[in-house]
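# Fold and geometry: a report
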Amino acid sequence: MKTISHINRSAWIAGVFTVLLAAAGCTGNFEEINRNPNEVTEAEMQRENYKTGANVKGLINLVVPAQEHMYQFNELLVSGSYAGYTEFTSDSKFEKFSTFNPTVDWLKWPFVNVISETYPYYRGVLNGTDNPVMRALADLLRVAIMHRVTDTYGPIPYSKIVEDKKESLSVSYDTQEEVYMKMFEELDAAIAVLKANTSLSTEAFGKFDGVYSGNVGQWVKFANSLKLRMAMRLSNVKPEIAKAKAAEAIGSGVIESNGDNAELTLAENRSALCWNNWNDHRIGADLISVMNGYNDPRRETMFTKVTVGKGETATPGFAGIRIGSYPGDSDAAKAGYSNMIIDSKSPYLWMNAAEITFLRAEYELRWGTDAEAKAFYEQAVKLSFEERGAKGAEDYLAQADAVPENYQDNVGSNNYSAVCKITIPWETDNFDRNLERIITQKWIAIFPLGTEAWAEHRRTGYPALFPSANDRSGGSVDPAVGPRRLNYPVEEYTENAANVAAAVEMLGGPDTQGTHLWWDKTTSKN
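Residues numbered from 1 in each chain as written. Predicted model: local features only at pLDDT ≥ 70, side-chain atom pairs only at ≥ 80, totals over all residues. Heavy atoms only, no water.

## Things to note about the overall build of the chain
Applicable threshold: Helical segments are the DSSP runs of H or I of at least four residues, strand segments are the runs of E of at least two, and each set is numbered from the N terminus. Burial classes: relative accessible area under 20% of the type maximum marks a residue as buried, over 50% as exposed, and values in between as partly exposed (1.4 Å probe, protein chains only). In this analysis, two residues are considered to be in contact whenever any of their non-hydrogen atoms come within 4.5 Å of each other. Per-residue accessibility takes into account occlusion by the displayed protein chains alone, with areas from the Shrake-Rupley method and a 1.4 Å probe.
Secondary structure summary: the chain contains 21 helices and six strands in total. When burial is assessed residue by residue, the chain has 58% of its 526 residues classed as buried. Taking as baseline every contact in the chain between residues at least 6 positions apart, the subset at least 24 positions apart corresponds to 76%. Carbon and sulfur atoms make up 49% of the accessible area of the chain, which totals about 20000 Å².

## Observations regarding a nonpolar patch on the surface
Cut-off, in case you're wondering: Nonpolar side chains (Val, Leu, Ile, Met, Phe, Trp, Tyr) are joined into patches within 5 Å and like charges within 9 Å, using only residues with over 30% relative accessible area and no salt bridge. The term salt bridge refers to a pairing of a side-chain nitrogen on Lys or Arg with a carboxyl oxygen on Asp or Glu at a separation within 4 Å.
A surface patch of nonpolar side chains, about 250 Å² in accessible area, is lined by V104, V490 and Y493. Mapped onto the fold, V490 is located in helix α20 (residues 490-495).

## Looking at the nonpolar core
Here is the rule we go by: Here, the term nonpolar core denotes a set of buried Ala, Val, Leu, Ile, Met, Phe, Trp, Tyr and Cys residues that are joined through side-chain atoms within 4.5 Å.
In terms of nonpolar packing, the biggest core is built from 150 residues, with L140, M146, W219, F222 and W350 touching the most fellow members. Among the elements that take part in this core, helix α6 (residues 132-153) stands out by supplying 13 residues, more than any other. Ignoring anything within four residues of it in the chain, the contact list for M146 reads V114, I115, T118, Y119, I156, Y158 and M183. Residues A285, I321, Y337 and F466 belong to the second largest nonpolar core, which totals six residues.

## A few points about the environment of V419
Relative to the helices and strands, V419 resides in the loop between α17 (393-397) and α18 (431-445). The exposure class assigned to V419 is partly exposed, which follows from its relative accessible area of 24%. Linking V419 and E405, residues 14 residues apart in sequence, is a C-alpha distance of 9.1 Å. Dropping the residues within four chain positions of it, V419 is found in contact with A464, L465 and F466.

## Comments concerning the confidence of the model for the chain
Low pLDDT means the predicted atomic positions in that stretch should not be read closely. Here is the rule we go by: pLDDT is a residue-level measure of predictor confidence that goes from 0 to 100.
Here the chain shows a mean pLDDT of 91. Residues at 70 or above account for 89%. Here helix α1 (residues 6-22) stands out as the least confident element of the chain, with mean pLDDT 38; helix α15 (residues 353-367) is the most confident, with 99. Scored below 50 in pLDDT, residues 1-35 shows 33 contacts in the model against residues more than four places distant or in partner chains.

## Digging into the layout of surface pockets
Here the idea is plain: a probe the size of a water molecule rolls over the atoms and shows the empty space left. Formally: Definitions used throughout: a 1 Å grid over protein atoms alone; a cavity as a set of points that fits a 1.4 Å probe which cannot get out; a pocket as an open set with protein on both sides within 12 Å along at least five of seven lines; a lining residue as one with an atom within 4 Å of a point. Grid points are joined across faces, edges and corners, and a volume is the space filled by probe spheres set on the points.
A volume near 360 Å³ is recorded for the second largest pocket. M340, P347, L349, R388 and P448 are the residues nearest the centre of the second largest pocket, which is lined by 19 residues in total. Elements with a contribution of two residues or more to the lining of the second largest pocket: α13 (299-302), β6 (348-351) and α16 (370-388).

## Focus on helix α3 (residues 68-82)
Which entries qualify depends on this criterion: Bend at a residue means the angle formed by two fitted axes: the first through the 7 residues ending at that position, the second through the 7 residues beginning there. Distance and chemistry together define a polar contact, namely a pair of N or O atoms within 3.5 Å, with one atom able to donate a hydrogen and the other to accept it when in protein, and with adjacent residues in sequence counting only for side-chain atoms on both sides.
Taking the largest bend as the criterion, α3 deviates by roughly 25°, centred on L76. Across the 15 residues of α3, 15 count as buried, placing the element largely inside the fold. In this structure Q67 caps α3, since a side-chain oxygen of it lies 2.9 Å from the backbone nitrogen of H69. At the exit of α3 stands G84, carrying a positive phi of roughly 80°.

## Things to note about the packing of aromatic side chains
The criterion, for reference: Within 6.5 Å between ring centres, the rings of Phe, Tyr and Trp (the latter by its six-membered ring) count as paired, and their orientation is classed by plane angle as stacked under 30 degrees, edge-to-face over 60, tilted in between. In this scheme, the term charge over a ring applies when either NZ of a lysine or CZ of an arginine sits within 6 Å of the ring centre and within 35 degrees of the ring normal.
As enumerated under the stated definition, the model contains 30 aromatic pairs in all. Taking the centre distance of 5.3 Å and the plane angle of 45° together, the rings of Y377 and W426 count as tilted. On the criterion of sequence distance, the pair formed by Y377 in helix α16 and W426 in the loop between α17 and α18 is long-range, its members being 49 residues apart. Assigned by exposure class, Y377 and W426 land together as buried. Here a set of aromatic residues connected by ring pairs shows up, and it is made of F73, F88, F97, W106 and W109. Note that R298 overlies the ring of Y396, its terminal NZ or CZ placed 5.2 Å from the centroid.

## Quick notes on the pattern of salt bridges
Under the criterion given, the structure shown has 29 salt bridges. For the salt bridge of E355 with R229, the shortest nitrogen-to-oxygen distance reads 2.7 Å. Here R229 lies in helix α9 (residues 216-233) and E355 lies in helix α15, a separation of 126 residues in the sequence. Like E355, the residue R229 is buried in the burial classification. For E256, the salt bridge goes to R360, with nearest N and O atoms at 3.2 Å. One end of the pair, E256, is in the loop between α10 (239-252) and β2 (262-264); the other, R360, is in helix α15, and 104 residues separate them in sequence. Taken together, the salt bridges that share partners define one network made up of D151, R229, R233, E355, E362, R366, K442, E452, E456 and R459.

## A few points about unusual backbone geometry
With an omega dihedral of 10°, the bond running from F447 to P448 counts as a cis peptide bond. Cis peptide bonds are those with omega within 30 degrees of zero, and the linkage from Y462 to P463 qualifies with -10°. As for its placement among the helices and strands, P463 is situated in the loop between α19 (450-460) and α20. The phi torsion at S213 lies on the positive side, around 50°, for a residue other than glycine.

## Digging into the packing of helix α8 (residues 176-195) against α9
Put simply, the rule is: Axis lines are fitted through C-alpha atoms, for helices just across the contact stretch, and the angle between N-to-C directions can take any value from 0 to 180 degrees. Any angle from 65 to 115 degrees is called roughly perpendicular, while one under 35 is roughly parallel, one over 145 is roughly antiparallel, and all others are oblique. By definition, turning the near helix anticlockwise from the far helix through less than a right angle yields a left-handed crossing, and turning it clockwise yields a right-handed one. Three categories are distinguished: nonpolar for Ala, Val, Leu, Ile, Met, Phe, Trp, Tyr, Cys and Pro, charged for Asp, Glu, Lys and Arg, and polar for the others, with Gly belonging to the last.
Running from N to C, α8 and α9 point in directions that differ by 160°, and their axes come no closer than 10 Å. Between α8 and α9, the angle is such that the two are roughly antiparallel. Two packed elements cross with a definite hand, and for α8 against α9 that hand is left-handed. Mapping the contact onto sequence places Y180, M183, F184, L187, D188, I191, L194 and K195 in α8 and V216, W219, V220, A223, N224, L226, K227, M230, A231 and R233 in α9. For the contact of α8 with α9, the class distribution of residues is 13 nonpolar, one polar and four charged.

## Structural notes on the packing of α9 against α10
Where α9 meets α10, the closest approach of the two axes is 8 Å, and the angle between their N-to-C directions is 160°. Classified by the angle their axes make, α9 and α10 are roughly antiparallel. Our pair here, α9 against α10, has a crossing hand that is left-handed. Residues N224, K227, L228, A231 and M232 of α9 lie in contact with α10, whose contacting residues are A242, K245, A246, E248, A249, I250 and S252. Tallied by class, the residues present in the contact of α9 with α10 amount to seven nonpolar, two polar and three charged.

This is how it looks when you write it as structure tokens:
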């Protein structure tokens, strides 16, 4: 495992920000009477963007962490394993998230590091400009970052960090319900501002925007799509709110084509180091077993092939590592399990059209018509095939008998019978099985978005995942149900003790990985 010098990184960021400030130009004052107060002129953007651009860029880089160490902890070691996507290849690390006994220093990454890095950037925008577009974008990005944190922990510090105007993060927590309602409020306000400025030139802040290159109209679609994602998270706890917010998001315009996918493109994708240089991770048995059973053509562009089997029966194919296993030989694990196909030029996926179309399929399944739900379901699969450059979506959807295969460990001895048994074709008027189809296919389509996949698994129980090969939770996690959250890091107990104690009361259960979140009302289908 690599380590990071946080001090050196902070100094580098500060240096870049100083250069950007020095480059800022001066412009005259502009006064206009009779124009929408939410509208922004290009001259105003040019005056402001050098002051705030580095902070907006910093926020963008935290939605799905662009820094390789934070990415590894948050996306691979935590949510990647809990979603059935990835497992650690080390043969000497026996305290890890996938076995429910991570070390204290590992626990702080998804909470302390994310929050402490987000708010200096966010405050930098709020304190540095009155420009409504830049502030709206900062609000949108804060929601995009922090909804992943609340979905990992439950109650988190949210409204009070801003309301109290404190530089300290030692503030009180909000319940998860309060966090979600506040986020919906902030999303609606940000969407209104961004919609009023869709004609703004992409040059206004495009140089700082590695996602949409300054295209405000595409940011509107992302914001509405994020609102839809969050709305559907409430389907089991606040169904009327979920239905209303989802309808608002869809009506306002969501991502519908792969051309509007939210992807961060940087000069170098540093997360590729985790896979290709450090070789710390391989693809999980859950994902490979499902896709192998479906004979999924997308595997060819998603995963590397390895030699499957031994002797005369050996053949090139795809093999996954059981989540929670301890590889006896790290080198054998790296060679015998499939890797992710990624390089330094690959973008960081945030959200794709397939995910949003699957969400619309679920919306129709719950509150619309079966015919519309089927149409969106099939369209979502086709969008995923298109995104992956795969052929044969129609044939794939027509496979009546294809089911996930039993797991045969290609390196070790962690074999397991298939627990996910859903077929692919839609069944008319069968809510439970069609919901399982939607979520299982979405799980395939959004790889490697582990945080989102784990949240949807907890919300719906789908797809059914293999239990961890080794449970070291000491009884705090039911292996048949899986982890429901992360416990708060020790730093909160030493530096924010009274507030974290109140947060545990809000949680309604002990501060362990086995306690369900507010919106998590479904047990696993393992």
